[in-house]
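Each chain, letter by letter, is given below.
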Amino acid sequence: MTDVLHFTDSDEANALLVREPMALLIGFALDQQVTVQKAFSGPLAIRERVGTLDAGALAAMDLEPVFRERPAIHRFPGSMARKVHALVAHVAERYDGDAGRIWRDAGSAQELDERLRALPGYGDMKVASLAAVLARRFGVAVAEPLIPSHPTLGDVDSPDALAAYQAGKRAQKAAMRAAAASRA
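Residues numbered from 1 in each chain as written. Predicted model: local features only at pLDDT ≥ 70, side-chain atom pairs only at ≥ 80, totals over all residues. Heavy atoms only, no water.

Draft legend 1. Main features of the pattern of salt bridges. Applying the stated criterion across every chain yields a total of eleven salt bridges. For the salt bridge of Glu-69 with Arg-49, the shortest nitrogen-to-oxygen distance reads 3.8 Å. One end of the pair, Glu-69, is in the loop between helix H5 (64-68) and helix H6 (77-94); the other, Arg-49, is in helix H3 (residues 36-50), with 20 residues separating them in the sequence. Since its relative accessible area comes to 41%, Glu-69 is described here as partly exposed. A relative accessible area of 24% places Arg-49 in the partly exposed class. If you follow the salt bridges from partner to partner, you end up with Glu-64, Arg-68 and Arg-82 in one network. (Salt bridge = Lys/Arg side-chain N within 4 Å of Asp/Glu carboxyl O. Helix = DSSP H or I, 4+ residues; strand = E, 2+ residues; numbered from the N terminus. Buried < 20%, exposed > 50% of the residue type's maximum accessible area, 1.4 Å probe, protein only.)

The structure is reproduced here in structure tokens:
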């Protein structure tokens, strides 16, 4: 098991992602249309602004003002506040607020896959990437069969690896845009 993830420029934010399973889930929820660094810094910003990452406490709050406070937690603060609220409410209701139970209590890869897919805002890419992080960085054996063949955040084990991952992702997106343009 790792004691730090290298997803942000902040040692405190990186350590929080390891210590608090809810932080990891929120980071993945925020990981769209912003940089990895911005997304995974979000859980620390939320904790600093409201004093907790407790799923039940967050589910009882209106998170939109928290997300809109400057600097905004995400470039789409309203919609992401609603997504994170749905996520924390799900964890509070189904896992008694203990986000780590999602993978600790999963008896098989299929069960873990179902649990991850049931998380609000989680689709194929987030499930695969989170599974890779769980397997490769946290030693969660039931996540191993869910790891995709392409690079994910699960491959990031240093700041240099994050830079390489992001460069590869940019190149892949550019190639997809070029292919779409040539078909048009």
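Still more ground to cover, so stick around.
Draft legend 2. Structural view of helix H8 (residues 109-117). Within H8, burial applies to Ala-109, Leu-112, Asp-113, Arg-115 and Leu-116. Relative to the axis of H8, the buried residues are bounded by an arc of 165° and lie together on one face. Those residues of H8 hidden inside the fold are in contact with helix H7 (101-104) and helix H9 (124-138). (Arc of directions from axis to C-beta. Contact = heavy atoms within 4.5 Å.)

Draft legend 3. Spatial organisation of the environment of Pro-43. One can find Pro-43 in helix H3. Beyond its immediate stretch of four places on either side in the chain, Pro-43 contacts Leu-16, Leu-17, Ala-23, Ile-26, Gly-27, Leu-30 and Leu-53.

Draft legend 4. Seen up close, the packing of H8 against H9. It is at 10 Å that the axes of H8 and H9 come closest, and there the two elements cross at 130°. Taken as axis vectors, H8 and H9 run oblique relative to one another. Between H8 and H9 lies a crossing whose hand is right-handed. The segment H8 lies against H9, with Asp-113, Leu-116 and Arg-117 engaging Asp-124, Val-127 and Leu-130. Per-class residue counts for the contact of H8 with H9 are three nonpolar, no polar and three charged. (Axes fitted to C-alpha atoms, helices over the stretch in contact; angles between N-to-C directions. Parallel < 35°, antiparallel > 145°, perpendicular 65-115°, else oblique. Left-handed = near helix turned anticlockwise from the far one by under 90°. Nonpolar A, V, L, I, M, F, W, Y, C, P; charged D, E, K, R; others polar.)

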